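Coordinate inspection notes
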Amino acid sequence: MTIGPVSGSLLYLNGVSVSFDGFRAINNLSLVLEPGEMRAVIGPNGAGKTTMMDIITGKTRPNEGQVIFGAETDLTRLDEPAIAALGIGRKFQKPTVFEPLSVWDNVLLALAGDRRPRFSLWARETAEERDRIEEILGIIRLGELRTRQAAGLSHGQKQWLEIGMLLAQEPKLLLVDEPVAGMTDSETEQTAELLREINRTRSVVVVEHDMAFVRALGVKVTVLHEGSVLSEGSIDHVSCDPRVVEVYLGR
Amino acid sequence: MNRLSTTICVILVLGLASLMAILNLATDAGSALHVPTYAVSLVGKYLCYAILALALDLVWGYAGILSLGHAAFFALGGYAMGMYLMRQIGTRGVYGNAILPDFMVFLNYKDLPWYWHGFDNPAFALLMAVLVPGLLALVFGWLAFRSRVSGVYLSIITQALTYALLLAFFRNDMGFGGNNGMTDFKDMFGLPLQADATRAGLLVASAVMLCACLLVARFVVTSRFGKVLIAVRDTEARTRFLGYRPESYKLFVFVLSAIMAGIGGVLYVPQVGIINPGEFAPAGSIEAVIWVAVGGRGTLVGAILGAVLVNAGKTYLTGAFPELWLFALGFLFILVTLLLPKGVLGLLQRARS
Ligand SMILES: Nc1ncnc2c1ncn2[C@@H]1O[C@H](COP(=O)(O)OP(=O)(O)O)[C@@H](O)[C@H]1O
Ligand SMILES: [Mg+2]
């Protein structure tokens, strides 16, 4: 049985399941994201949060279910570059930037544009590209470090550079996996502010462990547990839900 | 710094090759300044190996494709050239057959095999010398990269590729001269191959082609394409989520590299005077990897330096202490891997700063 997409949704996961060697990492998961929404996803380690992002971005193919983006695109039929080209950007749990390249070049490679070899071979940096990179470096506060090799950045700076690369992609939807892991309190606060800023023009799904951070975002929360949705609602609502308290908050 | 080393390399290669050619042609054999013809061809051979090393560094150093079969592309270019040179022998062969090379007469061939047609035309032979390695790399790379074969597995199948070609070219019924390959070449583009002027010309041509390949490779690696390639090398999965298709980047650079290797083979054969299946030997490809590692992986200029240094060392050692060469090579590889991760070029650059 196939159920059509929820009308007007940006992202619709419908009964998605995936097993690894018989272990159900995602179990009949359904989730609806409205255009322009920011959603926080929380859940204990191993709940399937990263796997959910793997499915949306084409890294992992689900055994069952559909992932509908926009009106009718089924993402389960596409591979990673095709999904990225549709406007879905992703930040990894472990910051992954291009270490040997400069901060500037990291953002340059992420800028929306032609990805084909025959283009990049002859591409020259345009004035618009430079302005856009400058702008992004300003937002992520790495303007001073533009010529620095990304390998030499601190952990927090790498997280920010990766968020900058996401911005450069100009995606419709950003998937952000544990952005504040390993950040100081003030960096965490700035990151929450940055995500809210980004959310003014784009939809965001953010996975996070840090409850203070999730509270600071002030958005609808989905609690995952053993690959399914355990509870959904405001942070106050889910943190009072007895099932959530039992499996997650009250550990 | 890289631009500087490239400039120095181009000046040195062109300058020294021209100087050797002039000293060979313009001085008498008795003169203290005279460069003997065997030295001209020896250095010419080093430069051909340098083209192979450069080609290998392009894929290994910048795309992370550790090809252990790159000599196959070199040998295919060499065979295309060898076929042209065989057809030029004509009636001067032992059997005096105007059409069939000696080995075919010996093996009772009645007609020229279809795939030998056209090789009497130098332009066609040169075209094949780049087309055949390029096409093989295209098909092989398309299959391998599309299925996301990488790392050790990719290295093993490149080794299998060259080994398969080795076995195929050993067979007499393949029509490439079997075990003995092709030799006894007489002339090329109407010029006698034994003449000093031809030898000197081949050395200079090798130097020019090496520099041309270096400049092309440098253009590629310093372009935006090259930055993507480095990103693919180190963090392939990440580039996909940015919308890049790593397989098309790898395929492009793999084909380009195979073509360069083929060019190296074209210039190699007339200078050494023979091409046989031994050029496909897996050990040859592994040696090329050592040249690149010794010179400095991912630097282009280092690959050239490594190829020349190691081969000069090989010429000396195989003459002076033949039994030591393989030990020396193995020891050198271990030494460089452990102590000089950036190779000799890295050492030079460290000394400068
Ligand atoms: N590629 C994989 N192969 C096998 N098991 C996996 C794979 N990816 C994830 N898992 C398992 O699926 C479960 C969910 O993992 P994950 O999505 O990373 O959890 P979370 O991000 O919520 O901490 C874990 O038990 C993990 O071990
Ligand atoms: Mg995770």
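Anything mentioned here points back to the structure above.
In this report, the structure presented in the accompanying data block is examined. (Residues numbered from 1 in each chain as written. Chains lettered and ligands numbered in written order. Predicted model: local features only at pLDDT ≥ 70, side-chain atom pairs only at ≥ 80, totals over all residues. Heavy atoms only, no water.)

A few points about the overall build of chain B
In terms of helices and strands, chain B carries 13 helices and four strands. Over its C-alpha atoms chain B spans a radius of gyration of 21 Å, differing by no more than 12% from the 20 Å that the globule rule assigns to 353 residues. The dimensions of chain B, computed from C-alpha atoms along their principal axes, are 60 × 55 × 40 Å. For chain B, the proportion of its 353 residues judged to be buried stands at 53%. Across chain B, every contact between residues at least 6 apart in sequence was considered, and the portion connecting residues at least 24 apart equals 77%. Carbon and sulfur atoms make up 69% of the accessible area of chain B, which amounts to about 15,200 Å² in all. Both charge centroids of chain B, one from 23 positive and one from 15 negative side chains, sit 16 Å from each other. (Helix = DSSP H or I, 4+ residues; strand = E, 2+ residues; numbered from the N terminus. Rg over C-alpha atoms; globule rule 2.2 N^0.38 Å. Buried < 20%, exposed > 50% of the residue type's maximum accessible area, 1.4 Å probe, protein only. Contact = heavy atoms within 4.5 Å. Areas by Shrake-Rupley, 256 points an atom, 1.4 Å probe, with all protein chains shown as cover. Lys, Arg positive; Asp, Glu negative; His and termini not counted. Charge placed at Lys NZ, Arg CZ, Asp CG, Glu CD.)

Remarks on the nonpolar core
Membership of the largest hydrophobic core comes to 165 residues, with the highest contact counts inside it found for A:Leu161, A:Val206, B:Trp116, B:Met182 and B:Phe280. Excluding residues that lie within four positions of it along the chain, B:Trp116 makes contacts with B:Met83, B:Met86, B:Arg87, B:Pro101, B:Phe103, B:Met104, B:Gly175, B:Phe176 and B:Met182. With 26 residues, the next largest nonpolar core counts A:Leu11, A:Leu29, A:Ile56 and A:Ile83 among its residues. (Core = buried A, V, L, I, M, F, W, Y, C linked by side-chain atoms within 4.5 Å.)

Things to note about the interface of chain A and chain B
At the junction of the two partners, chain A supplies 33 residues and chain B supplies 24 residues. Carbon and sulfur atoms make up 64% of the surface buried where chain A meets chain B, a total of about 2,600 Å² over both sides. Between A:Asp79 and B:Arg245 there is a salt bridge whose closest N-O contact spans 2.6 Å. Linking chain A to chain B there are 13 residue pairs in polar contact (both at pLDDT 80 or more). Listing elements by their share of the side of chain A that touches chain B, those giving two or more residues are α2 (80-86), β6 (88-91), α3 (103-110), α4 (117-120) and α6 (155-169) of chain A. (Buried area = accessible area lost by both parts, 1.4 Å probe. Salt bridge = Lys/Arg side-chain N within 4 Å of Asp/Glu carboxyl O. Polar contact = N/O pair within 3.5 Å; in protein donor to acceptor, adjacent residues only side chain to side chain.)

Brief notes about the pattern of salt bridges
Inspection of the entire model under this criterion finds 27 salt bridges over all chains. The closest approach of N and O atoms between A:Arg146 and A:Glu134, which form a salt bridge, is 2.7 Å. You can see A:Arg146 sitting in the loop between α5 (127-139) and α6 and its partner A:Glu134 sitting in helix α5, a full 12 residues away along the chain. In this structure, the salt-bridge partner of B:Lys250 is B:Glu236, at a minimum N-O distance of 2.8 Å. Of this pair, B:Lys250 sits in helix α9 (residues 246-272) while B:Glu236 sits in helix α8 (residues 224-241), and the two are 14 residues apart along the sequence. Each of A:Glu37, A:Arg39 and A:Glu232 takes part in one network of salt bridges that share partners.

Considering the sheet that holds strand β10 (residues 228-233) of chain A
The pairing of strands in a sheet happens through backbone hydrogen bonds and is either parallel or antiparallel. Residues and elements named next belong to chain A. Strand order in the open sheet formed by six strands is β6-β7-β8-β3-β9-β10, and the pairing between neighbours is mixed. Looking at which strands have only one partner, the edges of the open sheet turn out to be β6 and β10. Ignoring strand direction, the axes of neighbouring strands in this sheet form an average angle of 20°. With four bridges connecting them, β6 and strand β7 (residues 173-177) associate as parallel partners. Among the inter-strand pairings, isoleucine 88 is bridged to a residue of β7, identified as leucine 173. Across the sheet, helix α7 (residues 185-199) touches β3 (38-42), β7 and β8 (203-207), and the angle it forms with β8 is around 150°. (Pairing = 2+ DSSP bridges. Axes fitted to C-alpha atoms, helices over the stretch in contact; angles between N-to-C directions.)

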